[in-house]
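# Structural characterization, general
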Amino acid sequence: MNILAMDTSTQTMGVAVLNDNIPLGELSTTIKKNHSVRLMPAIDHVMREVNMAPAELDKIVSAKGPGSYTGVRIGLMTAKSMAWSLSIPITGVSSLEGLALQGRFYHSYICPFFDARRGLVYTGLYRWHHDTLELVMAERNILMHDWLDELAALGHDILFLSPDMSLHKEYIQRRLAHKAVIPADSSPAINPVHLAWAGQKKEADNTHTLTPNYLRLAEAEAKWLQKQRDDLNG
Amino acid sequence: MNDKKDTYILGIETSCDETAAAIVKNGDEIVSNVVASQIDSHKRFGGVVPEIASRHHVEQMTIVLEEAFEQADMTWDDVDAVAVTEGPGLVGALLVGVNSAKALAFARQKPLIGVHHLAGHIYANRFQTEFEFPLLALIVSGGHTELIVMHAHGNYELIGETRDDAAGEAYDKIARVLELPYPGGPQIDKLAAEGEASMTFPRAWLESDSYDFSFSGLKSSVINTIHNATQRGESISKQSIAASFQSSVVDVLTTKTWKAAQSYQVRQVIVAGGVAANAGLRRALENQFQDSGIPLAIPPLELCTDNAAMIAAAGFVNNNQGKRSGWDLNANPSLPLK
Ligand SMILES: [Zn+2]
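What you are looking at is a predicted structure, and each value in this text was computed from that prediction instead of being measured.

What follows is about the interface of chain B and chain A. Between chain B and chain A, the residue contacts involve 32 residues of the former and 32 residues of the latter. Across the chain B/chain A interface, buried area totals approximately 2,900 Å², and carbon plus sulfur atoms make up 67% of it. Contact with chain A buries surface across chain B, with R55(B), V58(B) and F106(B) losing the most and accounting together for 23% of the total. At the junction of chain B and chain A, the tally comes to 2 salt bridges. Of the charged contacts, one joins R44(B) and E221(A) as a salt bridge, the two residues approaching to 3.3 Å between their closest N and O atoms. Counting the contacts that link chain B with chain A gives 11 residue pairs in polar contact (both at pLDDT 80 or more). The class makeup of the residues in the side of chain B that touches chain A is 18 nonpolar, 6 polar and 8 charged.

Below you can see the structure in the form of structure tokens.
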């Protein structure tokens, strides 16, 4: 089974081609350049390098957010369009789950997060259980302050993984002290090979209804809903 | 069913709040044309919210594409190239269509063609009339008011444009002040038909040799009139405001188009863009050009608003001229028409 996996949900862009579980080719960059310009050339490049034609693909896996709204859309729209036009299955994998897979040998809780500005983070809590990564606390958009309260209450070691670690590291360490495990060397990114592995284990999504998991309403919609509520309460 | 001499282009359009896909034969025959409008979703905000438009495009795109193939009773083997609006428009909205088109073209190994949205509006006319050059195009929409001379297919000379608001933008703002439901343009057109143009609002002719437009003075004048009347507690007829405003806009558009048609000695005048659906404008232009010997083309209403058939039609011309795009094609919200 030939799988193409892609992710553009953060500043990192990742593309991987696998045959079953074996990564044949992989390209990952973390630079300040436009995903829209670079994703399709990257896919073209990796597929040429591994000598595979689009028609030989059997499955598409894509990160589906949360992350940058525009970034998530670019990756998922590309993935959906390829899957639909080739009539092959597609699986969307949470970008946070993709990131959590960087901690796949860790024995306790894994907390992947992306900075979401103004003290907020996109996050969730995962734990490795037998051979699968399980979501133990639902993904959410939450103030890091409140999230750390909830994590502290668990009383367990937690591995934190984030490309935005530098923004939150001190605070996490202050709140959780030695319970917080932060890899010294890295600000880890989503690995597209991990995404492919995760996607392979999951059932295919409905190509048409697979949409980004933004974890947040568009600002205009949130305001509109708030106004409806206010009006209702007089 | 597919005679190999025929060329079938799949068009994709997502520059604003319509998700659209279409298949067009030989640049002038619509095989299928599917438009999913988001208007109901944006209504509650009183205008198009870019982030929400982008979200809807992702939700709708493959559904709309599938419908376009089903209506055409075609498969990918029948399609020769994929054309997509690359700009201008809302960047986030454009990105959805551009990335979808790139993925489709790559997956099915078809040529990719980036299309200018306004070229699309112009080519919406080709479904009913073959072009005769030199040709004058008046483009009027929420984002554009432009006069363009074409000397050949795919060749565009901009001779006039708005210096401030687009005509459609002025319509939307006046409609908001008059508290008309969104979208306001068609509402004003309707009210104008019921009223008398009894008030005189300014007409910005600018320099005598200029084909440029300006609607901000007119807009302010109308808004002031409404505010002053409200302050004095006078009731004011929405019908006559609409009729007077519209008569000013239509007067300027028609007169400048007429002058340009004369001085460039064009053999055809075409009208394009959402405001081309405006009944007042259509009537005035028809009257003006009636006995002039210059044929006037205005697309049917459903082709005035954004659709993908027009993008495929313009893409057909690019394709014939070898104008293809690479996999690095990007959305360009301020793409110039060249
Ligand atoms: Zn348009």
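There is more to say after this.
Once that is clear, we can look at the UniProt feature "binding site: Fe cation" (unreviewed entry) in chain B. All names here are of chain B. UniProt tags H117, H121 and D306 as "binding site: Fe cation" (unreviewed entry). The largest pairwise C-alpha distance within this set of annotated residues, which runs over 190 residues, is 8.8 Å, so the set is compact in three dimensions. Its place among the elements puts H117 in helix α4 (residues 117-123). Judged by its relative accessible area of 6%, H117 falls in the buried class. Sequence-distant contacts of H117, that is, excluding residues within four places in its chain, are made with E13, S15, T85, G87, P88, D306, M310 and I311. As for its placement among the helices and strands, D306 is situated in the loop between α10 (301-304) and α11 (309-320).

Take the pattern of salt bridges next. Residue and element names in this part refer to chain B. As enumerated under the stated definition, the model contains 20 salt bridges over all chains in all. Taking the shortest distance from any N to any O, the salt bridge between E51 and R55 comes out at 2.7 Å. Of this pair, E51 and R55 both sit in helix α2 (residues 50-72), separated by 4 residues, roughly a single helical turn. Judged on exposure class, the residue E51 and its partner R55 are both buried. With its nearest N and O atoms 3.8 Å apart, the salt bridge here joins D165 to K173. For D165, a relative accessible area of 9% translates into the label buried. By relative accessible area, K173 is classed as partly exposed at 28%. One network of salt bridges, with partners in common, ties together D165, E169, K173 and K219.

Residues and elements named next belong to chain B. The zinc ion binds to the protein through H117 (NE2), H121 (NE2) and D306 (OD); the donor distances cover 2.0 to 2.1 Å. In primary sequence terms, the donor set of the zinc ion follows H-x3-H-x184-D. Highlighted residues: H117 and H121, both in helix α4, separated by 4 residues, approximately one helical turn.

Turning our attention to the pairing of strand β6 (residues 135-140) of chain B. Residue and element names in this part refer to chain B. β6 sits mainly inside the fold: 6 of its 6 residues count as buried. Residues of β6 alternate between two faces, with L135, A137 and I139 on one and L136, L138 and V140 on the opposite face, all of them buried. Where β6 lies against strand β7 (residues 145-150), 6 bridges are found, and the strand directions are antiparallel. Note on β7: the bridge partner recorded for L136 is V149. Counted along the chain from β6 to the antiparallel partner β7, the turn is 4 residues long.

The next thing to look at is the environment of V193(A). Residues and elements named next belong to chain A. Examined against the element boundaries, V193 turns out to sit in helix α6 (residues 192-201). Distance in space between the C-alpha atoms of V193 and E26 is 7.4 Å, their sequence separation being 167 residues. Apart from residues lying up to four places away in sequence, V193 is in contact with A16, L18, P23 and E26.

For the rest of this paragraph, the subject is the packing of aromatic side chains. Two descriptors summarise a pair of aromatic rings, namely the distance from one centre to the other and the angle between the planes of the rings. In the structure shown here, the tally under the stated rule is 12 aromatic pairs over all chains. Seen from their ring centres, W84(A) and W76(B) are 6.3 Å apart, and the 70° between their planes marks the pair as edge-to-face. Here W84(A) is found in helix α2 (residues 69-86), whereas its partner W76(B) is found in the loop between α2 and β4 (81-87) on a different chain. The pair W84(A) / W76(B) is uniform in exposure class, with both members buried. With 5.0 Å between their ring centres and 75° between their planes, Y171(B) and F245(B) make a pair best called edge-to-face. Of this pair, Y171(B) sits in helix α5 (residues 167-177) while F245(B) sits in helix α8 (residues 238-263), placing them 74 residues apart in sequence. An aromatic cluster is present here, built from W84(A), F69(B) and W76(B) joined pairwise through their rings. Over the ring of Y214(A) we find R55(B), and its NZ or CZ is 3.7 Å from the ring centre.

Residue and element names in this part refer to chain B. Within helix α9 (residues 279-289) the residues assigned to the buried category are G280, L281, R282, L285 and F289. Residues of α9 that are buried sit in contact with β6, α6 (184-194), α8, β9 (268-272), β10 (296-297) and α10. Measuring from the side-chain oxygen of the N-cap residue of α9 to the backbone nitrogen of G280 gives 2.9 Å; that N-cap residue is N278.

Reading guide: rules and limits
Along each chain, the written sequence defines residue order, and numbers are assigned to residues from 1. Here chains are named by letter from A upward and ligands by number from 1 upward, in the order in which they appear as written. Residue-level local features of this predicted model are given only where pLDDT is at least 70; pairs of side-chain atoms are given and counted only at 80 or more, and the full residue set underlies all totals for whole chains, interfaces and linings. Derived side-chain values reflect all non-hydrogen atoms in the structure, with water molecules and hydrogen atoms excluded from consideration. Note on definitions: a residue-residue contact is assigned when non-hydrogen atoms from the two residues lie within 4.5 Å. A quick way to say it: buried area is the sum, across both parts, of accessible area lost when two parts are put together, with a 1.4 Å probe. The working definition used for a salt bridge is a side-chain nitrogen of Lys or Arg within 4 Å of a carboxyl oxygen of Asp or Glu. Residues adjacent in sequence count toward polar contacts only when both atoms are side-chain atoms; beyond that, a polar contact is any pair of N or O atoms within 3.5 Å, and within protein one must be able to donate a hydrogen and the other to accept it. Under the convention adopted here, Pro, Cys and the residues Ala, Val, Leu, Ile, Met, Phe, Trp and Tyr are nonpolar, Asp, Glu, Lys and Arg are charged, and Gly plus all remaining residues are polar. UniProt positions are given in the numbering used here, feature names are shortened, and annotations may be inferred rather than shown by experiment. Secondary structure elements follow DSSP: runs of H or I of four or more residues count as helices, runs of E of two or more count as strands, with numbering from the N terminus. Only protein chains enter the accessibility calculation, which uses a 1.4 Å probe; a residue is then buried when its area is under 20% of its type maximum, exposed when over 50%, and partly exposed in between. Coordinating donors are taken as N, O and S atoms within 2.8 Å of the metal, stretched to 3.2 Å for Na, K and Ca; because water is absent from the atoms, sites can appear incomplete. For two strands to pair, DSSP has to find at least two bridges joining them. The rule is short: rings of Phe, Tyr and Trp, with Trp giving its six-membered ring, pair when the centres are within 6.5 Å, and they are stacked under 30 degrees, edge-to-face over 60, tilted in between. Cation placement over rings: the criterion is NZ of Lys or CZ of Arg within 6 Å of the ring centroid and within 35° of the ring normal.

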